[in-house]
Amino acid sequence: MSTDDAATTAPAALASTSAFTDFSDVEGLLRLPRLASLAGLPGGRVVAAIQEADEHGARTPSALWELDPAGESSARRLTRSEKGESGPRPGPDGAVLFTSARPDPDGGSFEDKPGIWRLPASGEAELVAAAPGGLELLAVADDGTMLAATQVLPGGTLEDDAERRTARKDARRTTIWHTGMPIRQWDHEIGDQERHLLLVSPTGELADLTPGAGTVALTSASADLSPDARTVATSWTRRVAGGETRSDLVLLDVATGERTVLLEADDEAQFSTPAFSPDGTRLALLRSTLSTPTDTSYDRLEIHTLAVARRDGGDHAGGGIVSTGHVTAELGDLTLTDLEWSDATTLLVAGDLHSSGAVLTVDATTGSAHTLADGGVFSSLSPAPRGSRAGGGGGELAGAAHALRSDVGTPPRPVRIAADGTVTELPAPGAVGALPGTLEWVSTDVDGIEVGGWLCVPASASAAEPAPVMLWIHGGPHGSYNAWSWRWCPWFAVEAGWAVLMPDPAMSTGYGDEGLNRGWPRRPDVVFHECESLLDAVLDRTELDGTRTAMLGASFGGFMANWIAGHTDRFDAIVSHAGLWALPQQHRTTDAAASKMRVHGHEDEDPDWYRAFSPHHEVDAITTPMLITHGNRDYRVPVSEALRLWWDLVSTWDGEVEDMPHRFLQLTSENHWVLTPSNAVVWNRAVLAFCEQHVLGGPSADEAITW
C-alpha cells in the first residue's frame, strides 16, 4: 500500500439526521447517544449498540438499535432495559445475539451478571445461557454454537461456582492469594477469579473447555471458534522468570479438550487476536515483538494456512491441526486496530494512518494490501453477508461492509462501505452538527522529519482578537490524535475561545515502524521538541496569541506535562491527568511493570536516563500553576503518582498558603479514564476554569467545581 493513500486534510462531514451544535453545553454533549459497536446480519439488517447516559449521569448503558442499511429511514430502537444490552452478533438464523444483565422473566439469569440473549427478527428477546460469573460472547459458528468466556472462582469448577460465590459473599471475604505476576490490569485485580472459555450450544448448554486454567492463562486472552465449531484458537499466557509472561497461540480440540501449541512465544515475540477464515482453512493473528531498550513493540498481521496433520501415516483421525506456512500482510504505515474476514481469501483491516485512518483489503494468499476507504478512523468492522440487500429495493450490497467512522470533528457514526470504497453514513442518533471553529491539518519540518497534527481554531479568532492556545499531547505514547474523543473533546475549549493544537509527534501510531520507534525509549525531550516546533510554527498565525498558552496531557501526555513543567515556564497553566511523576516508583507499581522494567531497567543500571527524564527530579524548577487530576482505581498509572506529585508541589511551595496556585482534582471512583458522565462534566469544567484563571486572568477555578 502506498503511503499516498492517506488523507491529509480534514474529511468533509457526512450527512446526518439530527445534530448537536451547542458546545457551551458540556453536559448536553456528554449526554449525546454514543455508537459503541455494530453488526451486519443476514438479509441486510444492521444492528448497533448505542450508549446513553442515565437520568443522573451515573452510567451509560447501551441499547440495541436497528439501522437502515440503505440510509433512507431513521434508526429503530429494539431493546430497552435498566441494565442495557451490548455486543450484538449475528446468529446464523438472522437473529441478534447479545449480552445483558437484564433479569430473565423465567428466573434463569444470575443477578447482575450478563448472560447471552437471542432476539429473533420478530418477537421478544429470550435468555439463551447464563453462568454465575457472567458470560462474554466471543464467537458464533455456522451451526449456532457459541464461544463464550466466564469467570470462575480460583480452584473451582463451573458446576460449584454459584455455591462458592454465595459463601464468599456471605462471609465478606475479599482475600487474594498471589503466586506471581501480574496481579492487576487497568482497574481490576488478577487472581480473585479465573477466566475460562466455554462452548455454548444453540440451546444454551455450557461446556467448560479450559477447566483449571488458572488465574493468568486467559486473563487477557483473545479467542475465536472455527466455523465448524470443532476448534478454538486462543492466546494462552504463561509466567516466565523475572516477573514476565509470554502468550502462545494454542488450539483447543472441542471434542477432546486437548490443547496444542500452534505458535510458541519466546523472548522475541508473542501472539494474539486469532481469527478463522469463513471456510476454516486459514487463521489470521497478530505477532507482536517484545519491546527492548532500543526497539518498541511492533505488530505483524500473519495469515497461516491450516491443515490436519496425519499421524503414523494414517488418516486424519487423531491428527492435530498445524500451520503449513504463512504470509505477512503488507500494511505499510498503517497501525492495525481492527480486522475481520470478508471471505475465505480476503481480510478487512482498519487502523491509524497519518493522523487519520483507513480500511484496507488484504489478500490472504499473498499478503498484499489495497486501500478500500480512508479519510477517517474506522472501527467495529462488519462485512455484509454476500447477496444481502439494502432493503426496500436498495440494490445489491455484495462485497460491502459496515463500520463506525470517526474523525476529530465527528463522533463515531455508522457507515456502509461499498465495494468501490464509497462511504455512506446511515441515520442514527447522536450526530454532531456545525463545529464552533475550523479543523485543519498542519505540519512543519523538524530536523528533516515532517511532524503534523490537527489545529482547531475558534470562529471568533482574528488578528484583532487572537485566540489563546492550548497544546495537547496525546497518551500512549503509541497513539494518535485522529478521531473524536468524548473524554478529551477539543470543541469545548474552542467554544470557550481557545485554539487547540493536537500534534502527532515521535512514537505516534500510523507512521510505520520508524514513527513508532522515533524517540524510544519514551524520550520526553524528543517528543517535546517536535511538539514545541509545531506549536511555534502555528503561532506565526496572526489569529493565534502565543503570549497566552496552556499545555494539557493524559497518561503519557500527563507524564509529558509533568516533565515539561520542570523544564520550561513558557506556559501559563499545565493540566496533567493520570501522569507519571516518579519513574523509579511508577515502573515497579504499574500493572505493566514487566515491560517497563524490561525496557528501562532499574535506576541504578541507567541512572543518567532516570535523572534526565523522571519528572520528580525537577520539582524545585516548577513555577507554572498545575492542575493534577487522577482516578483512584487507575492501576496503569497508580494514584500514588498523583499523591506524590501533589505532596511535592504543596510541600515545596514557599509562598503564602492561600496563594498556592496548584490544584488536585481527585476522582475516587474512576480508573485511567473519566468514564462517568457526571464526573466528566466536572472534569471538563474544572480544566477550562483552571486555564481561564491562570491564562486569561479569570475568576478562581475553585468557584467552578460542582459538588
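Because the structure is predicted, anything quoted here is derived from the model rather than measured.

Cut-offs applied
- For every chain, the first residue of the written sequence is number 1, and numbering continues from 1 onward in sequence order.
- Restriction of local features to residues with pLDDT of at least 70 applies here, the model being predicted, together with a cutoff of 80 or more for giving and counting side-chain atom pairs; totals for whole chains, interfaces and linings are based on all residues.
- For the side-chain quantities, the full set of heavy atoms in the structure was used; hydrogens and water were omitted.
- In DSSP terms, a helix is any run of H or I states spanning at least four residues, a strand is any run of E spanning at least two, and both are numbered starting from the N terminus.
- Atoms counted for the radius of gyration: C-alpha only. Globule rule: 2.2 Å times the number of residues to the power 0.38.
- Only protein chains enter the area calculation, which uses a 1.4 Å probe; residues under 20% of their type maximum are buried, those over 50% are exposed, and those in between are partly exposed.
- Whether two residues are in contact is decided by their heavy atoms: any pair within 4.5 Å suffices.
- The accessible surface values rely on the Shrake-Rupley method and a 1.4 Å probe; as for residues, cover is taken only from the protein chains in view.
- Any N or O atom pair separated by 3.5 Å or less is treated as a polar contact, with the protein-specific requirement of one donor-capable and one acceptor-capable atom, and with residues adjacent in sequence counted only for side-chain atom pairs.
- We call two strands paired when DSSP finds no fewer than two bridges between them.
- A pairing counts as a salt bridge when a side-chain nitrogen of Lys or Arg comes within 4 Å of a carboxyl oxygen of Asp or Glu.
- Working definition: rings of Phe, Tyr and Trp (its six-membered ring) pair if their centres are within 6.5 Å, and the pair is stacked with planes under 30 degrees apart, edge-to-face with planes over 60 apart, and tilted otherwise.
- Every residue carries a pLDDT, the predictor's confidence in it, which falls somewhere between 0 and 100.
- A fitted line through C-alpha atoms serves as each axis, taken over the contacting stretch for helices, and the angle formed by two N-to-C directions is quoted from 0 to 180°.

Take the overall build of the chain next. Helix and strand counts for the chain stand at eleven helices and 38 strands. Relative to the compact-globule value of 27 Å for 707 residues, the chain shows a C-alpha radius of gyration of 26 Å, a close match. The principal-axis extents of the C-alpha atoms in the chain amount to approximately 80 × 60 × 55 Å. Here the chain holds 707 residues, and 54% of them are scored as buried. Partitioning the contacts of the chain with sequence separation of at least 6, the portion at a separation of at least 24 is 56%. In the form shown here, the chain has an accessible surface area of approximately 28900 Å², with 48% of it arising from carbon and sulfur atoms.

You can see Arg-588 is positioned in helix H7 (residues 583-589). A relative accessible area of 39% places Arg-588 in the partly exposed class. Taking the C-alpha atoms as reference, Arg-588 lies 9.3 Å from His-602; in sequence the two are 14 residues apart. Arg-588 has contacts with Ala-593, Met-597, His-602 and Glu-603, leaving out every residue within four places of it along the chain. Only 2.6 Å separates the side chain of Arg-588 from the side chain of His-602, close enough to count as a polar contact.

Before going further, it helps to spend a moment on the pairing of strand S10 (residues 146-152). Here S10 lies mainly inside the structure; six of its seven residues are buried. Linking strand S9 (residues 136-140) back to S10 in an antiparallel pair, the connection comprises five residues, with Gly-144 at a positive phi of about 95°. Bridge count between S10 and strand S13 (residues 194-200): seven bridges; the pairing is antiparallel. Across the sheet, the residue bridging to Val-152 is Glu-194, located in S13.

On to the pattern of salt bridges, then. One pass over the full model with this rule turns up 31 salt bridges. Two residues, Glu-302 and Arg-287, come together in a salt bridge whose shortest N-O distance is 3.9 Å. You can see Glu-302 sitting in strand S21 (residues 299-308) and its partner Arg-287 sitting in strand S20 (residues 282-289), a full 15 residues away along the chain. Taking the relative accessible area as the measure of exposure, Glu-302 reaches 7% and is therefore buried. Classification of Arg-287 as partly exposed rests on a relative accessible area of 26%.

This part covers the packing of aromatic side chains. In this structure the tally under the stated criterion is eleven aromatic pairs. For the ring pair Phe-20 and Phe-23, a centre distance of 5.7 Å and an interplane angle of 85° mean the geometry is edge-to-face. An identical accessibility class is assigned to Phe-20 and Phe-23; each is buried. Measuring from ring centre to ring centre gives 5.5 Å for Phe-556 and Phe-559, while their planes differ by 50°; the resulting arrangement is tilted. Here Phe-556 and its partner Phe-559 are both found in helix H6 (residues 556-565), three residues apart, which amounts to about one turn of the helix.

This part takes up unusual backbone geometry. Here the residue pair Met-181 and Pro-182 is connected by a cis peptide bond, since its omega of 0° sits within 30 degrees of zero. Relative to the helices and strands, Pro-182 is located in the loop between helix H2 (161-170) and strand S11 (184-185). The omega torsion of the bond from Trp-520 to Pro-521 falls at 5°, within 30 degrees of zero and hence cis. Looking at the element boundaries, Pro-521 is found in the loop between helix H4 (512-517) and helix H5 (524-538). Of note in the backbone geometry, Thr-273 takes a positive phi value of approximately 55° without being a glycine. Along the chain, the position of Thr-273 falls in strand S19 (residues 269-276). Classification of Thr-273 by relative accessible area gives partly exposed; the value is 29%.

Before going further, it helps to spend a moment on the pairing of strand S3 (residues 62-67). Most of S3 sits inside the fold, with six of its six residues counted as buried. Neither face of S3 is exposed, since Ser-62, Leu-64 and Glu-66 on one face and Ala-63, Trp-65 and Leu-67 on the opposite face are all buried. As judged from the six bridges shared by strand S2 (residues 46-51) and S3, these two strands associate in the antiparallel manner. In the strand pairing of S3, Val-47 is matched with Glu-66. Bridge count between S3 and strand S4 (residues 76-77): two bridges; the pairing is antiparallel.

Across the chain, the average pLDDT comes to 93, with 94% of residues at 70 or higher. Ignoring residues within four places in sequence, the model shows residues 313-318, a span with pLDDT below 50, making four contacts including any to other chains.

The strand order across the open sheet formed by four strands is S5-S6-S7-S8, and the pairing between neighbours is antiparallel. Looking at which strands have only one partner, the edges of the open sheet turn out to be strand S5 (86-90) and strand S8 (126-129). In this sheet, neighbouring strand axes are inclined to one another by 35° on average, regardless of whether the strands run parallel or antiparallel. Relative to strand S7 (residues 115-119), strand S6 (residues 96-100) runs antiparallel, the two being bridged by five bridges.

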